[in-house]
Amino acid sequence: MSSLPPLPKLARVAHAGHCNRCLSALPSSHAHIDASRLAIGFYCLGTLDLLGLIDEKTKEEERQSWREWLWQQQTRGVYGTGFKPSSYMTAESPNDTMQDEYSKFDTPHLIMTYTAILTLAILRDDFTQLDRKGIIRFLGSCQREDGSFTSFPEGGEADLRQVYCAFAISSMLGDWSGIKVDRAVAYIQRCFSHEGGYGQQPTGEALGGTTYCALASLYLAPSATVTENANSYITSSERHRLIRWLVQNQAPAGGFSGRTNKLADACYCFWCGASLQILGVGDTVDKASLASFLARCQFKFGGISKDPDDRPDPYHTYLSLAALCLFPLEDADVSWRLPRLDPLWNASEPTANWIREHVSVSPCD
Amino acid sequence: MPRIIGDGGEGPLLFSERPDWADVTPIPQHEGYNPIAPIFYAPEYKDATDYFRGIVKTNEKSQRVLELTETVIRMNPAHYSAWQYRYHTLLAINASLDTELKLMDILAIQFLKTYQVWHHRRLILTALHSSSPPLSDPSASPSEPPPLDTTPKDFKAAQIELAFISRVLMTDAKNYHTWSYRQWLLAFFDDARLWEGEMSFVERLLEEDVRNNSAWHHRFFVVFGREQLPGDESRESVLKRELAYTKDQIALAPNNPSAWNYLRGILERTKTPFSNLRTFVEPYTKTRSSEEPKEDVLDLENPAPSSTAELPCVAALEFLADIYEDESENKENAIEIWKTLANERDTMRKKYWEYRIKELLENA
Ligand SMILES: [Zn+2]
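Residues numbered from 1 in each chain as written. Chains lettered and ligands numbered in written order. Predicted model: local features only at pLDDT ≥ 70, side-chain atom pairs only at ≥ 80, totals over all residues. Heavy atoms only, no water.

Enquirer: How do you make sense of the overall build of chain A when you look at a structure like this?
Expert: Assigned secondary structure in chain A consists of 14 helices and four strands. Relative to a compact globule of 365 residues, whose C-alpha radius of gyration would be 21 Å, chain A shows 20 Å and is just as compact. The principal-axis extents of the C-alpha atoms in chain A amount to approximately 65 × 45 × 40 Å. Looking at chain A residue by residue over its 365 residues, the buried ones come to 64%. (Helix = DSSP H or I, 4+ residues; strand = E, 2+ residues; numbered from the N terminus. Rg over C-alpha atoms; globule rule 2.2 N^0.38 Å. Buried < 20%, exposed > 50% of the residue type's maximum accessible area, 1.4 Å probe, protein only.)

In structure tokens:
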């Protein structure tokens, strides 16, 4: 690909503006976000974090009120403690005390608990309110016999995404006592498909997003011997096939596709790109083509979309920037300069360090 | 359902306007001061969810709860609490699950990309066909399959489901949820007669689009996903049949990664050396010359690339290099191929092919 057009600027301020608008309000057509609002919050604030614009584009009193709102989503009950996706099932109560235990239909959500911790770290919360023991118990309540995890204790989705969140949370807290790691690892291994990627569940077609979830989990797992070339949970044949399938997904457009024979999509630049980084072979990515594709996905009024013909959203905006963090171009314009990213937690290095210092259980805890 | 402005007020009344809901106390949502990404709810959504929180609070399970949850779900199909409550209500009031399934036929097509639609369907099917319907914790334990011999009723139901899924796949042939559901259904009923029909189904889809990777994946699932193979089929005959089919598809469209991935998949799965395919692969690695004589001998086992195929084929070169890599006398040839791929044929993956060369030299 020698004929790439010159790279335009990365429209940092416009992308921040897109996310700031979503943070302040979403139109009624976004009702379907209700059950995953914390995730949208993470993608918006994560975008500002990667752009280094948190302090510039938000006020301290806003950040304070967001932190308070996030803590209001932490909820306790019989299954342990975690975060709800939003207040969409929370009753307005006259005395405004949020101490009520959750009901069967208002339980915490595993994926939202992961995004809440990340978002609070981006907002530099001190985490004194984090119910660590309760969260560890909650993780255990979500694990099933086959090693997988459901989104909430009473059921819901159970695939590699929930496994990843349980592993990420355990590693952030530095406490793996809540889950049966061996069973979960066995479940992950069962998801490996004939193509060389991991499907969403054991019978699923190889998919970029869940391949990331599988690999990040296996490299976060406590007893994994993580070196540059070996992970005890992945055989050398699997590793070989993984790398092959992942690089094959870099599509002619320059971005990655999530499945064989599908078109490039900005989010898979992260899911597949980060997977290759985790395997220690990030150098196999054609970085210039990747950046060129993502540059074309920039929407003229801010935000990044899944492909050049689509509309932007915070999810694709954040993941595009996260991909660019992993594959910096040495000779690009200064606007493309982004922080280093922790590929296993999907957080900027400063935020990942904040988690290490404030979330991990201290020895005296 | 949202009322359409200007329709003369003919639309459905809000729950707060309906006398038959007057006994329920609606509960507004607590938002708190300056929430993250608040949604400007439509009045109809706010109304329905206020009443939904109301009935959850009083734990009401009744026919009208089905109407209420349907209203919420139609405005927000990802409202998993509404789905969850609906499922519990269906079981509690002994509602007709066949009726529920008919409603789901409509909602599945309307909200194809929403996970909850498919999850709910799974629960309904399980409840309909298990000896005991999953009660409090439906998905938190492995679903209990129906009795070993599928009853005629279950068999018929499974056939109807498969036909329904086939219709849905016609609107979106690569929908991940739909395919997952089909695979779950086959494993759930686990009836040899159902599995057998899958091969012709997959072949039909691949005839329409040989690049449909979901269909290729499903084929692999059907061939290798079941614990026991049908009695009259030996491992060898399965491998032979799959190789023949895949080679034919590659001959039709050589630059199709789905087919090559499938080929590699079946070889790895059956521990068959790649080198067994050398005769087949070689013609795909050659540049086409204009004065090439017409092939007189037709080798049915190794179909040649079609006359319009773009050659050489990158996937074939890669395959041949993988064969060479394992042969001590051919390692140089592997490196030559990788160099060609890196510098001419597949420059997007230049760094990858160079990585392969480096790896081979390091392990030498
Ligand atoms: Zn995407």
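Here the narrative resumes, following the displayed structure.
Enquirer: Which parts of the structure should I look at to understand the overall build of chain B?
Expert: Looking only at helices and strands, chain B has 15 helices and zero strands in total. Counting contacts in chain B only where the partners sit at least 6 residues apart, residues at least 24 apart contribute 65% of the total. Accessible area of chain B: about 17700 Å², with a carbon and sulfur share of 54%. (Contact = heavy atoms within 4.5 Å. Areas by Shrake-Rupley, 256 points an atom, 1.4 Å probe, with all protein chains shown as cover.)

Enquirer: Which parts of the structure should I look at to understand the interface of chain A and chain B?
Expert: One frequently used descriptor of interface size is the decrease in accessible area upon assembly of the parts. At the interface, 79 residues of chain A touch 64 residues of chain B. Buried area between chain A and chain B, summed over both chains or domains, comes out near 6300 Å², and the portion from carbon and sulfur atoms is 54%. The largest per-residue losses of area from chain A upon contact with chain B belong to Phe105(A), His194(A) and Arg244(A), which jointly make up 13% of the total buried on that side. The interface formed by chain A and chain B holds three salt bridges in total. Between Arg244(A) and Glu318(B) there is a salt bridge, and its shortest N-O distance comes to 2.7 Å. Seen at the junction of chain A and chain B, the total is 41 residue pairs in polar contact (both at pLDDT 80 or more). No other element matches helix α10 (residues 236-248) of chain A, which puts nine residues into the side of chain A that touches chain B. (Buried area = accessible area lost by both parts, 1.4 Å probe. Salt bridge = Lys/Arg side-chain N within 4 Å of Asp/Glu carboxyl O. Polar contact = N/O pair within 3.5 Å; in protein donor to acceptor, adjacent residues only side chain to side chain.)

Enquirer: Where do I start with helix α1 (residues 43-58) of chain B in this structure?
Expert: Spacing of three or four residues puts side chains on the same side of an α-helix, whose turn is 3.6 residues. All names here are of chain B. With 16 residues, α1 ought to run about 22 Å at 1.5 Å a step, and its terminal C-alpha atoms sit 23 Å apart, in line with that. Along α1, 12 of the 16 residues are buried, which leaves the element largely enclosed by surrounding structure. If you check which residues of α1 are buried, you get Glu44, Tyr45, Asp47, Ala48, Thr49, Asp50, Tyr51, Phe52, Arg53, Gly54, Ile55 and Val56. One or two steps after α1, the chain reaches asparagine 59, where phi turns positive at roughly 60°. (Expected span 1.5 Å × (residues − 1).)

Enquirer: Help me out: how do you make sense of the coordination of the zinc ion in this one?
Expert: Six octahedral donors around a metal ideally subtend angles of 90 or 180 degrees, whereas four tetrahedral donors ideally subtend 109.5 degrees. Residues and elements named next belong to chain A. The protein atoms that coordinate the zinc ion are Asp265 (OD), Asp265 (OD), Cys267 (SG) and His316 (NE2), at distances spanning 2.1 to 2.4 Å. Because the angles between the four donor atoms bound to the zinc ion fall within 55 to 119°, the donor set is best described as irregular. Sequence spacing of the donor residues for the zinc ion, all on one chain, is D-x1-C-x48-H. On the accessibility criterion, cysteine 267 (3% relative accessible area) is buried. (Donors = N, O, S within 2.8 Å, 3.2 Å for Na, K, Ca; no water. Tetrahedral: all angles 85-135°; square planar, octahedral: opposite > 155°, others 65-115°.)

Enquirer: What is the right way to read the environment of Ala31(A) from this model?
Expert: Topologically, Ala31(A) is positioned in the loop between α1 (12-24) and α2 (37-51). Through-space distance from the C-alpha of Ala31(A) to that of Tyr187(A) is 34 Å; in sequence the pair is 156 residues apart. Non-local contacts of Ala31(A), meaning those with residues more than four positions away in its chain, are made with Ile39(B), Tyr45(B), Met75(B) and Asn76(B).

Enquirer: Which parts of the structure should I look at to understand the nonpolar core?
Expert: The nonpolar side chains of a soluble globular protein tend to be buried with one another. Ranked by internal contacts, the top residues of the largest apolar core, which has 237 residues, are Phe167(A), Tyr198(A), Phe270(A) and Trp260(B). When sequence neighbours within four positions are dropped, the list of residues in contact with Phe270(A) reads Tyr212(A), Ser275(A), Leu319(A), Ala322(A), Ala323(A), Leu326(A), Leu341(A) and Asn346(A). (Core = buried A, V, L, I, M, F, W, Y, C linked by side-chain atoms within 4.5 Å.)

Enquirer: Can you help me understand the pattern of salt bridges in this one?
Expert: Oppositely charged side chains may form a pair once their charged atoms are brought near each other. Across all of its chains, the model carries 39 salt bridges over all chains by this definition. Residues Glu157(A) and Arg161(A) are paired through a salt bridge, measuring 2.7 Å at the closest nitrogen-oxygen approach. A residue is classified by how much of its surface remains accessible, and Arg161(A), at 29% relative accessible area, is partly exposed. Residues joined by salt bridges that share partners form a network here, namely Arg244(A), Arg264(B), Glu318(B), Asp322(B), Glu325(B) and Arg356(B).

Enquirer: Just checking my understanding: could you explain the packing of helix α10 (residues 235-252) of chain B against helix α11 (residues 257-269) of chain B for this structure?
Expert: Two measures define how a pair of helices packs: the angle their axes make with one another and the distance between the axes. Residues and elements named next belong to chain B. Between α10 and α11, the shortest axis-to-axis distance is 10 Å and the interhelical angle comes to 160°. Classified by the angle their axes make, α10 and α11 are roughly antiparallel. When the axes of α10 and α11 are compared, the crossing they make is left-handed. Here Leu239, Glu242, Leu243, Thr246 and Ile250 of α10 lie close against α11, whose contacting residues are Ala259, Trp260, Tyr262, Leu263, Ile266 and Leu267. Taken together, the residues that form the contact of α10 with α11 break down as nine nonpolar, one polar and one charged. (Axes fitted to C-alpha atoms, helices over the stretch in contact; angles between N-to-C directions. Parallel < 35°, antiparallel > 145°, perpendicular 65-115°, else oblique. Left-handed = near helix turned anticlockwise from the far one by under 90°. Nonpolar A, V, L, I, M, F, W, Y, C, P; charged D, E, K, R; others polar.)

Enquirer: When you look at the packing of aromatic side chains in this model, what are you seeing that I'm missing?
Expert: The geometry of an aromatic ring pair comes down to the distance between the two centres and the angle between the two planes. Counted by the stated rule, this structure contains 39 aromatic pairs over all chains. Ring geometry for Phe15(B) and Trp21(B): centres 5.0 Å apart, planes at 80°, overall edge-to-face. You can call Trp21(B) buried: its relative accessible area is 0%. Ring centres of Trp179(B) and Phe201(B) lie 6.1 Å apart, and the angle between their planes is 50°; on these two criteria the pair is classed as tilted. One end of the pair, Trp179(B), is in helix α7 (residues 176-189); the other, Phe201(B), is in helix α8 (residues 192-208), and 22 residues separate them in sequence. Trp179(B) gets classed as buried once you look at its relative accessible area, which sits at 3%. Relative accessible area serves as the criterion here: at 6%, Phe201(B) is assigned to the buried category. Feature note: the residues Tyr114(A), Tyr164(A), Tyr212(A), Phe270(A) and Trp271(A) constitute an aromatic cluster, connected by ring pairs. It is Arg64(B) that lies over the ring of Trp21(B); its NZ or CZ is 4.7 Å from the centre. One residue, Arg219(B), lies across the ring of Tyr245(B), its end atom 3.7 Å from the ring centre. (Phe/Tyr/Trp six-rings, centres within 6.5 Å; stacked < 30°, edge-to-face > 60°. Lys NZ or Arg CZ within 6 Å of the ring centre and 35° of its normal.)

Enquirer: Please explain empty space enclosed by the protein as it appears in this structure.
Expert: With a probe scaled to a water molecule rolled over the atoms, the places where space remains empty come into view. Residues and elements named next belong to chain B. Across all of its chains, the model carries three cavities of 30 Å³ or more by this definition. Here the largest cavity defines a volume of roughly 160 Å³. For the lining of the largest cavity, the secondary structure elements donating two or more residues are α3 (80-92) and α5 (115-129). Class assignment for the residues of the lining of the largest cavity results in seven nonpolar, seven polar and one charged. (1 Å grid on protein atoms, 1.4 Å probe; cavity = no way out; pocket = protein on both sides within 12 Å on 5 of 7 lines; lining within 4 Å. Points joined across faces, edges and corners; volume = space filled by probe spheres on them.)

Enquirer: For this particular structure, what's the right way to read unusual backbone geometry?
Expert: Most peptide bonds adopt trans geometry, and most residues besides glycine take a negative phi value. In this model, Leu311(B) is joined to Pro312(B) through a cis peptide bond whose omega is -5°. Mapped onto the fold, Pro312(B) is located in the loop between α12 (278-281) and α13 (314-325). A positive phi angle, close to 55°, is found at Arg124(A), a residue other than glycine. Position of Arg124(A) among the secondary structure elements: in the loop between α5 (110-122) and α6 (132-142). Arg124(A) sits in the partly exposed class, given a relative accessible area of 30%. A positive phi angle, close to 60°, is found at Asn59(B), a residue other than glycine.

Enquirer: Mind showing me how you'd approach α11(B) here?
Expert: With 13 residues, α11(B) should reach 18 Å at 1.5 Å per residue; the first-to-last C-alpha distance of 18 Å fits that figure. In terms of burial, α11(B) is largely enclosed, as 10 of its 13 residues are buried. Those residues of α11(B) hidden inside the fold are in contact with α10 of chain A together with α9 (213-224), α10, α12 and α13 of chain B. Trailing α11(B) by a residue or two, Lys271(B) shows a phi angle of about 55°, which is positive.

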